[in-house]
Amino acid sequence: MSAAPALVASGISKSFRAVQALDDVSIELHHGQVTALLGDNGAGKSTLVKCISGLYQPDAGRIFVQGAEHRINSSRHARELGIETVHQTLSVIDPLDVAENLFLNREHTRGGWLGARIGLLDKGRMRRECAATLARLEIRIPSLRRTVGSLSGGQRQAVAIGRAVAWGQQIVLLDEPAAALGVEQTQRVLDLIVNLRDQGVAVLLITHNMDRVLAVCDQAVVLYQGRKCAEVDVAGASKDDLVSYITGARSTDSGDGV
Amino acid sequence: MIRKSISEKASADLPSPVEALIDRYRHNGGLRQYVVYLAFVLILATFSVILHDDGFLSSSNLLNIGRQAAPIAVMAVGMAFALAAGEIDLSVGSVVALSSLVAAEIVGNHGFLAGTLAALGASALVGLVNGLITVKVRIPSFLVTLGMLGIISGIARNWNDLRSLPIRNDRFSGIFGAGGLGPVSSLLIWTIVVGALGHIALHHLRWGRHVLSTGADRDAANAVGINTARVRISALVVSAAAAGFAGVLLAGRLSIGRHDLGEDYLLTVIAAVVIGGTNLFGGRASILGAVTGALIMAMLNNGLILMGLEVADQLIARGVIIILAVALSMREAKEG
């Protein structure tokens, strides 16, 4: 765990035509900590995640990863920097099986140089490593050869998160990872997040559920209509505090400063 | 804590190989995956019985069916990739003609190899243009390739004023269509080669997985860093190149290049691919199914003629059977 923050996004702005989705938003993610990103629908949470994960290019602002500035211009670039994302709409591919999804666009090849050139898949190795990864994360899937489309919503979610977790050595961004999950599955996701945190990963968690924030998060950053309206230590905050920030009733980051 | 129960589950035994196989069968589509093979056997059996006296099963007739199926099968393999990627290629029929004409033109003056490569190259180039316009100008491939169908058909018609170009090159004709290895027709060999290459590309190459991913969910594929623009272009190149190879096979068998070769193949090819279990809207493909679908189409064509049906009745019967087969192969897809 280095002293530099895992990720600093500073002064991020992004607009879509007339709509200012993000206005001068700054956020810091630290190794071994879970940061909640809160806000009402349309507050800009997903937009911020997409700016960090390379799907959107911010109009203004700078992003530092492990202290070094980067212009993250594609999701591939973000992954190379150790940033893994689980987007709100799952990024799993239904017709591919579990192992293929876990290794999508990071496939192992066999057959030496030629095999690597033409992309000859080493399916056996990917399945073995996939099984090991899922076991380490305590994710149980009936069969790795099953297509993801045939799994339940919770299992699909587990695969999506498992992939981010498996590869996200530094920074993992989770956009509503427990949406539409049952109680037990949600608990598993929270366990995964804690597991990651304990391994020194910097985690950003978007959620609408305050109980989850209080349960696993260290800090919370609250967006209100595209601006950051609060940044609080979760330890000292109550559910009501968080909700009042989200609804815009209170602010710690208002114009006159804190 | 909850964690305990999770680790208990995680340590549960893995299912046995047989259980795993059954599990995969049930959850990866069940019977739907095999509808095309059942249909093949069913149609083959039906024709074998009712057309027994008409020589349906005679070796010459079976050879005939195979000959008809070969170019359809080769095109179907290519089309399966275009559909799998979420695109469609309506220009394939015209590319067959273009390829045959290019081959005829070049083989005569520059020999067998140059002619073949030129025909395949010209076809792939058409696919590249299709793909670039689709991706860069953001026009659905349906419209781009529809326009290209007209353009290439026109070029083919102008090529030699609607007359066919003869190919006088025994090597070319022998290797592509007329000859064979011993009793095995070269058309059959090429069909198997193309089918095997397609199957390997779809299931065992990174590219094939990326084609499927792009067709299933382009945004998700983008999000994991797949260059979906390049994947879509490449799928259309493969589709056109396969059509070009079908053109070479036809040119080899008939020893001519002509503007109307492949003209009426488009719908037959699409029907073959879709009957074979490939999703018309991307994300699911079967190469073996596409080849089998091509065999079914050729068999239907042949059987209905042997039955003595009028052309009009043939069209009706074929249409009904195709709709039935597609309905069967898609019905369960919705559940999967």
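Note on numbering: residues in each chain are counted from 1, in written sequence order. In the order they appear in the text, chains get letters beginning with A and ligands get numbers beginning with 1. Reporting in this predicted model follows two pLDDT cut-offs: at least 70 for local features of residues, and 80 or more for side-chain atom pairs to be given and counted; totals over whole chains, interfaces and linings ignore these cut-offs and use all residues.

Undergrad: Go over the overall build of chain B with me, naming the residues and quoting the values.
TA: Secondary structure follows DSSP: runs of H or I at least 4 residues long count as helices, runs of E at least 2 residues long count as strands, and numbering of each begins at the N terminus. Secondary structure summary: chain B contains 15 helices and four strands in total. Between the buried cut of 20 or more and the exposed cut of 12 or fewer other C-beta atoms within 10 Å of a residue's own C-beta lies the partly exposed class, and all C-beta atoms are placed from the backbone. Taken across its 336 residues, chain B has 49% of its residues classed as buried. With C-beta atoms placed from the backbone, a contact is any residue pair whose C-beta atoms sit within 7 Å. Pairs at least 24 apart in sequence give 80% of the contacts found in chain B among residues at least 6 apart.

Undergrad: Go over the packing of helix H4 (residues 59-84) of chain B against helix H14 (residues 287-306) of chain B, please, and point to the residues and values.
TA: All names here are of chain B. Where H4 contacts H14, the axes come no closer than 7 Å and their chain directions differ by 140°. Looking at the two axes, H4 sits oblique to H14. Along this stretch, H4 crosses H14, giving a crossing that reads as right-handed. Contacts between H4 and H14 involve Asn61, Asn64, Ile65, Gln68, Ala69, Ile72, Ala73, Ala76, Val77 and Ala80 from the first element and Ile287, Ala290, Val291, Gly293, Ala294, Leu295, Met297, Ala298, Met299, Asn301 and Asn302 from the second. Of the residues in the contact of H4 with H14, the class split is 15 nonpolar, six polar and no charged. To get an axis, a line is fitted to the C-alpha atoms, and for a helix only the part in contact is used. The angle between two axes follows their N-to-C directions and goes from 0 to 180 degrees. Between 65 and 115 degrees an angle is taken as roughly perpendicular, under 35 as roughly parallel, over 145 as roughly antiparallel, and anywhere else as oblique. Note: crossing handedness is left-handed where the near helix turns anticlockwise from the far helix by less than a right angle, and right-handed where it turns clockwise. Classes in brief: Ala, Val, Leu, Ile, Met, Phe, Trp, Tyr, Cys and Pro nonpolar; Asp, Glu, Lys and Arg charged; the others, Gly included, polar.

Undergrad: So what's going on with the domain arrangement of chain A? Which residues, and what values?
TA: Residue and element names in this part refer to chain A. Throughout the structure description, domain borders are defined by an automatic or database domain assignment. By the assigned domains, chain A splits into domain 1 (7-92 + 150-246) and domain 2 (96-146). Here the C-alpha centroids of domain 1 and domain 2 sit 26 Å apart. Of the residues lining the interface, 13 residues belong to domain 1; the matching set on domain 2 comes to 10 residues. For the side of domain 1 that touches domain 2, the secondary-structure elements that each account for two or more residues are helix H6 (153-167) and helix H7 (183-198). For the side of domain 1 that touches domain 2, the leading source of residues is H6, giving eight residues.

Undergrad: Describe the interface of chain B and chain A, listing the residues and the values that go with them.
TA: Every contact between the two is made by 31 residues of chain B and, on the other side, 34 residues of chain A. At the level of elements, helix H1 (2-10), helix H2 (17-27), helix H10 (206-216) and helix H11 (218-223) of chain B are the ones that each hand at least two residues to the side of chain B that touches chain A. Within the side of chain B that touches chain A, the residues separate by chemical class into 14 nonpolar, nine polar and eight charged.

Undergrad: Explain the sheet that holds strand S10 (residues 227-233) of chain A residue by residue, including any values.
TA: Residues and elements named next belong to chain A. Spatially, six strands are ordered S6-S7-S8-S3-S9-S10 in an open sheet, and the strand pairing comes out mixed. The two strands at the open ends of the sheet, each matched to only one other strand, are strand S6 (83-86) and S10. Direction aside, the axes of adjacent strands within the sheet are offset by 15° on average. Being paired, for any two strands, means DSSP has found at least two bridges between them. In this structure, strand S3 (residues 34-39) lies alongside strand S9 (residues 219-224), joined through five bridges in parallel fashion. Residue pairing across strands places threonine 35 opposite glutamine 219, the latter belonging to S9. Across the sheet, H6 lies against S6 and strand S7 (171-175), angled at about 175° from S6, the strand it touches most.

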